[in-house]
Amino acid sequence: MARKTALLTLAVAVCSSALGKDAIQASVTPLNTPVPLVTANGNPYSAGTYAVGTIQLWYTVNAYQFPAGPFASFELNMIDANYSAKPPAAYPVDLKIGQLGSSNLLVTPTASSFTITAPGWEGTSRVSVEIPQSTVTNPALNADGTDLVANIQLVTDPNGAGVDTVTNVQVHIILVHPTSCMRVFNFFTDPELEHLIETVQVNVTGKAENVGLIPGQLSDNVLVVNGCADSVALDLAVTLDPLFEPGSNGNPVKTLSAAGSVAPMTFLEVVFGAETPRGTNLCISNLQVAAGTTLLAAVQTGMLKDATSGSLPTGNAFEFSAKLTEPDASCGGGEALSIAVPNPVSVSLPFTKQSAGK
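Residues numbered from 1 in each chain as written. Predicted model: local features only at pLDDT ≥ 70, side-chain atom pairs only at ≥ 80, totals over all residues. Heavy atoms only, no water.

Student: Can you help me understand the state of the cysteines in this one?
Tutor: By definition, a disulfide is the covalent link that joins the sulfur atoms of two cysteine residues. As enumerated under the stated definition, the model contains 2 disulfides in all. Between the sulfur of Cys181 and that of Cys228 lies a disulfide, 2.0 Å long from S to S. Judged by the torsion about the S-S bond (75°), the Cys181/Cys228 disulfide is right-handed. Here the residue Cys181 occupies a position in the loop between β13 (167–176) and β14 (182–189), and Cys228 occupies one in the loop between β17 (218–226) and β18 (232–239), the gap between them amounting to 47 residues. With a relative accessible area of 12%, Cys228 lands in the buried category. Each sulfur in the disulfide pair Cys283 and Cys331 lies 2.1 Å from the other. Taking the torsion about the S-S bond as the criterion, the Cys283 to Cys331 disulfide, at about -85°, is left-handed. With Cys283 in strand β22 (residues 283–289) and Cys331 in the loop between β24 (317–325) and β25 (340–341), this residue pair connects regions lying 48 residues apart in the sequence. With a relative accessible area of 23%, Cys283 lands in the partly exposed category. Taken N- to C-terminal, the disulfide-bonded cysteines of the protein chain are connected 1-2, 3-4. (Disulfide = S-S within 2.5 Å. Helix = DSSP H or I, 4+ residues; strand = E, 2+ residues; numbered from the N terminus. Buried < 20%, exposed > 50% of the residue type's maximum accessible area, 1.4 Å probe, protein only.)

Set out below in structure tokens:
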């Protein structure tokens with residue numbers, strides 16, 4: 001049995017740091033339709049909660065292209081919590097809210113500048129979400145399964161005043177073409193399938209610059225949602241990043257199933273049935289996915305023991321993928337399953353690099 005959550009994408013990021021100083025915490029309140037699913041640190045979100053960590057808003061568009069113009073809005077509520085920092089924070093402190101990164105999606109706060117005078121300060125800004133015409137007219141941005149990503153950053157000034165920002169707010173929009181009856185998702189959790197993992201840390205140790213992963217093990221998950229009218233037989237081949245290998249627990253690969261269509265955004269809330277161990281096979285042959293059910297293939301994995309800093313990818317992200325094919329005598333050798341979208345499916349796992357002891 002396992003509980004889970006998954007990912008889609010329009011993102012609002014707020015810089016975060018460890019508690020210990022006065023800190024700006026945030027909460028969100030959706031204001032209109034479409035209504036997003038909201039999670040906090042990969043778990044169901046309670047309305048009005050001022051979170052430490054990451055709040056995510058998940059939107060889905062069921063159409064052949066994104067709609068242009070205003071899409072949604074939400075309130076970004078903020079509070080200055082006091083953690084009895086020593087020395088105390090130096091007020092007043094300015095707080096600015098702005099968009100960071102891609103312009104394929106526009107996220108605009110109605111109020112973007114505040115002055116914080118003391119612990120206990122509260123403020124609210126209405127954030128509008130808009131899809132620009134340039135996104136709608138770009139075929140590459142309207143492919144089935146496309147995610148649009150926008151980022152909002154909260155910054156306090158002056159930097160050394162002792163007031164941090166500790167909440168990340170991410171907004172996600174995904175395009176789902178109506179004709180795709182089988183959906184495929186690829187994402188990461190801990191090995192127990194209880195917490196979403198979106199980034200990892202790589203520690204560099206010793207003169208040989210050996211590297212180790214934090215967390216040490218994770219689960220590379222492929223979710224296959226069969227919304228078709230009939231059962232589907234398939235082979236599923238998982239490709240790990242070259243610096244990763246299956247875990248050593250005897251059965252690092254397993255499959256599970258659940259009734260209904262399980263979207264990644266509801267993954268943590270769903271109870272799957274008993275697991276079927278698959279040993280170390282990264283290609284699982286002749287899987288039967290009944291109509292109206294969801295298949296989960298989970299691969300417990302970690303970094304190669306002889307990996308070094310010099311072997312890390314230059315883009316600061318590990319790359320994983322999976323492919324669904326027609327059943328074949330040699331697993332994964334058949335034609336790509338045309339009703340599955342996207343196929344192949346891929347996911348990047350960003351990492352930060354840190355030398356041990358720093």
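Student: Whenever I open this one, the layout of surface pockets confuses me. Can you help?
Tutor: Over the atoms, a rolling probe the size of a water molecule traces out where space has been left empty. Roughly 340 Å³ of internal volume is contained in the second largest pocket. Taken together, 13 residues line the second largest pocket, and the ones lying closest to its centre are Thr54, Leu196, Ile197, Glu198 and Thr199. For the lining of the second largest pocket, the secondary-structure elements that each account for two or more residues are β4 (53–62) and β13. Tallying contributions element by element places β4 first for the lining of the second largest pocket, with 3 residues. (1 Å grid on protein atoms, 1.4 Å probe; cavity = no way out; pocket = protein on both sides within 12 Å on 5 of 7 lines; lining within 4 Å. Points joined across faces, edges and corners; volume = space filled by probe spheres on them.)

Student: Explain the packing of aromatic side chains to me, please; I cannot follow it from the model alone.
Tutor: The relation between two aromatic rings is expressed through the spacing of the ring centres and the mutual angle of the planes. Under the definition given, this model contains 8 aromatic pairs. Taken together, a centroid distance of 4.9 Å and an interplanar angle of 80° make the contact between Phe187 and Phe267 edge-to-face. Of the two residues, Phe187 is situated in strand β14 and Phe267 in the loop between β20 (253–259) and β21 (276–277); the sequence distance between them amounts to 80 residues. As far as the burial class goes, Phe187 and Phe267 line up, both buried. Grouping aromatic residues by their ring pairs yields a cluster made of Phe188, Phe244, Phe318, Phe320 and Phe351. (Phe/Tyr/Trp six-rings, centres within 6.5 Å; stacked < 30°, edge-to-face > 60°.)

Student: What should I look at first to understand the sheet that holds β18 in this one?
Tutor: The strands that make up a sheet are held in pairs by hydrogen bonds between backbone atoms, and each pair lies either parallel or antiparallel. Taken in spatial order, the 6 strands of this open sheet run β16-β15-β26-β24-β18-β22, and their pairing is mixed. What marks the edges here is a single partner per strand, and that holds for β16 (210–214) and β22. Between one strand axis and the next, the sheet turns by 30° as a mean value, whatever way the strands run. Direction of pairing for strand β15 (residues 200–205) relative to β16: antiparallel, over a ladder of 5 bridges. Looking at β16, one finds that Asn203 is bridged to Gly212. (Pairing = 2+ DSSP bridges. Axes fitted to C-alpha atoms, helices over the stretch in contact; angles between N-to-C directions.)

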